[in-house]
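Understanding the architecture of this molecule
Read off the chains here:
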Amino acid sequence: MKRYALFALLLLGWMTTPLHAMTVEVVGRAELGKSIAYSRSQALEDAMHRASLRAGAQVSGTQLMSKGKIERDDVRVSTRSLLSNVDVLWEDQRDGMYEVAIRADVSSQAMCPASSQRYRKAIAIAGFGLANPTEASMGALHNIEQALPRVLVNSLNDRGAIHAYDATRISLYQNPRRAPSAETAQQRLTTSVALATQLGAQYVVSGVVRSLAMAGEASHSEVQGDSWLSLMGFDGSDRQRQFVVDVFVHDGLSGAMLFQRSYATEGDWTAARTDRPGFASPKFWRTPYGHEVRNVLSSVVDDIDEVLRCQPFMARIVKARGHRLHIEASAGAGIRPGDTFKVYRTGTFYNLDLEPRTELTDMATEVVIKQVQPQFVVAEMRLTAEHLAIQRDDMVIAW
């Protein structure tokens with residue numbers, strides 16, 4: 001009798017910003033038994049589990065089938081959240097249950113906390129599209145398409161784990177309103193591959209500013225009875241302004257999307273209607289709206305840093321001859337003579353729908369770094385490149 005095990009994995013709301021904690025209050029319950037102490041410990045454990053689920057849960061299921069019938073169907077819920085400052089608020093016994101209420105600070109654990117990979121990954125940050133340019137008129141925020149990604153460039157470089165290239169003059173989306181739907185069905189962006197190759201980057205970050213609208217902003221169909229006030233420079237009663245931005249991270253080798261998230265906030269736009277501070281100017285940051293935008297961009301930087309930290313370090317081979325390889329990686333990546341990397345051959349295969357996929361094949365060989373130049377490194381290996389058929393555009397990887 002043949003049996004088939006089917007496995008499914010679903011991620012629900014993983015938070016990728018472990019630096020930020022939230023405080024929650026939950027009630028845990030357990031059946032009353034002969035031992036009050038045991039029931040209390042079970043209720044406390046239940047409360048702590050409920051609290052940890054607030055920061056993200058991982059749901060996995062296993063189905064065991066035999067002759068087309070499901071014999072076993074298991075669902076498991078787990079969490080990688082961290083609890084701190086746990087306080088018991090109250091305890092009680094009612095209806096045969098022991099109840100414990102706690103307050104705790106909850107934060108999600110890093111996705112790859114054991115990662116020891118130390119090289120700085122090169123990423124290109126492209127210009128962000130502006131979906132509705134007319135919404136940027138108030139305050140003259142049209143420079144947001146370059147100024148916003150430059151904030152990300154500077155913030156990521158300050159952290160030291162990523163080498164961010166300023167590619168803010170390059171736009172990846174002809175129609176920002178449709179991004180990233182303008183990609184292929186596999187969410188691959190061919191322009192990101194070209195940009196990554198041009199700059200020697202491993203990943204490409206792009207995005208779209210979806211909204212800079214004032215809350216309750218009148219539509220064209222509404223009566224514009226107070227439009228003359230705007231022309232005279234008087235402020236309206238509602239000065240809340242929206243900020244909505246989508247951020248995308250693409251792999252520079254295959255063009256596949258690694259990360260996509262939408263961020264939204266709003267704040268009080270206190271600048272006068274005639275002021276033109278521009279985006280990311282000192283006057284802009286001093287507004288309550290600017291303060292909220294800064295917090296959102298800090299979360300964006302946290303997420304990008306976390307996602308890319310879990311990825312391997314990869315660099316292209318640009319020349320292979322004899323025992324020597326020239327690798328496109330700058331000295332700023334932190335590579336030192338004596339470091340070792342694994343060699344992978346790049347190739348393309350096609351799935352059942354004839355869609356191209358990038359494939360990396362382990363060549364079961366290592367190279368040792370001998371020289372580190374400002375814009376490339378030189379490595380040597382025991383066998384020759386001709387013997388292993390290693391060529392330009394193959395990769396070296398450090399996991």
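Here's what I pulled together on the structure shown here. (Residues numbered from 1 in each chain as written. Predicted model: local features only at pLDDT ≥ 70, side-chain atom pairs only at ≥ 80, totals over all residues. Heavy atoms only, no water.)

Description of helix α2 (residues 144–159)
Let me state the cut-off plainly: Each helix is a run of H or I in the DSSP string that is no shorter than four residues. Each strand is a run of E no shorter than two, and both are numbered from the N terminus. Here a helix's expected span is defined as the number of its residues, less one, multiplied by 1.5 Å. For each residue, the accessible area found with a 1.4 Å probe, counting protein chains only, is set against the maximum for its type, and the residue is called buried under 20%, exposed over 50%, and partly exposed in between. Residues count as neighbours in contact if any of their non-hydrogen atoms are within 4.5 Å of one another.
Taking 1.5 Å per residue as the helical rise, α2 with its 16 residues ought to reach 22 Å, and the 22 Å between its terminal C-alpha atoms agrees with that figure. Turning to α2, its buried residues are I144, A147, L148, P149, V151, L152, V153 and L156. Looking at the buried side of α2, the elements it contacts are β7 (121–130), β8 (162–171), β9 (203–211), β10 (240–251), α5 (282–286) and α6 (288–309). Two residues or fewer after α2 comes G160, characterised by a positive phi angle close to 85 degrees.

Considering the nonpolar core
Cut-off, in case you're wondering: Put simply, buried Ala, Val, Leu, Ile, Met, Phe, Trp, Tyr and Cys residues joined by side-chain atoms within 4.5 Å make one nonpolar core.
Among the nonpolar cores identified, the biggest contains 41 residues, and I123, L148, L212, F243, F279 and L297 are the most heavily contacted of them. Of all the elements in the fold, those that place two or more residues in this core are β7, α2, β8, β9, β10, β11 (257–268), α5 and α6. Counting residues per element, this core draws most heavily on α6, which supplies 9 residues. The contact partners of F243, leaving out residues within four places of it in the chain, are I144, L148, S211, L212, Y263, A264, T265, F279, Y289, V293, V296 and L297. Counting residues in hydrophobic clusters, the runner-up holds 22 residues, among them I327, A329, V343 and I390.

What to know about the environment of W285
The following threshold applies: Contacts described as polar in this section are N or O atom pairs within 3.5 Å, which, within protein, must combine one atom able to donate a hydrogen with one able to accept it, while residues neighboring in sequence count only if both atoms come from side chains.
In this structure, W285 sits in helix α5. If we skip the residues at most four places from it in the chain, W285 touches V151, A280, G290, H291, V293, R294 and L297. A polar contact is formed between the side chain of W285 and the backbone oxygen of A280, at a distance of 3.1 Å.

Examining the pattern of salt bridges
Here is the rule we go by: Whenever Lys or Arg places a side-chain nitrogen within 4 Å of a carboxyl oxygen from Asp or Glu, that contact is recorded as a salt bridge.
Applying the stated rule across the entire model yields 16 salt bridges. The closest approach of N and O atoms between D166 and R150, which form a salt bridge, is 3.3 Å. Placement of the pair is D166 in strand β8 and R150 in helix α2, with a sequence separation of 16 residues. Look at R150 and you get partly exposed, because its relative accessible area is 29%.

Observations regarding the sheet that holds β10
We count it as follows: Pairing between strands is defined by DSSP: at least two bridges between the two strands are required. Interaxial angles span 0 to 180 degrees and are taken between N-to-C directions of axes, which are lines fitted to C-alpha atoms, for helices over the stretch in contact.
Taken together, the 5 strands give an open sheet; going across it, the order is β8-β7-β9-β10-β11, and neighbouring strands pair in mixed fashion. On the outer flanks of this sheet lie β8 and β11, each paired with one strand and no other. Between one strand and the next, the sheet's axes are offset by a mean angle of 20 degrees, whatever the strand orientation. By the bridge criterion, 8 bridges tie β9 to β10 in an arrangement that is antiparallel. Counterpart to Y203 in the pairing with β10 is D251. In the packing of α6 onto the sheet, contacts are made with β7, β8, β9, β10 and β11, and the angle to β11 comes to roughly 165 degrees.

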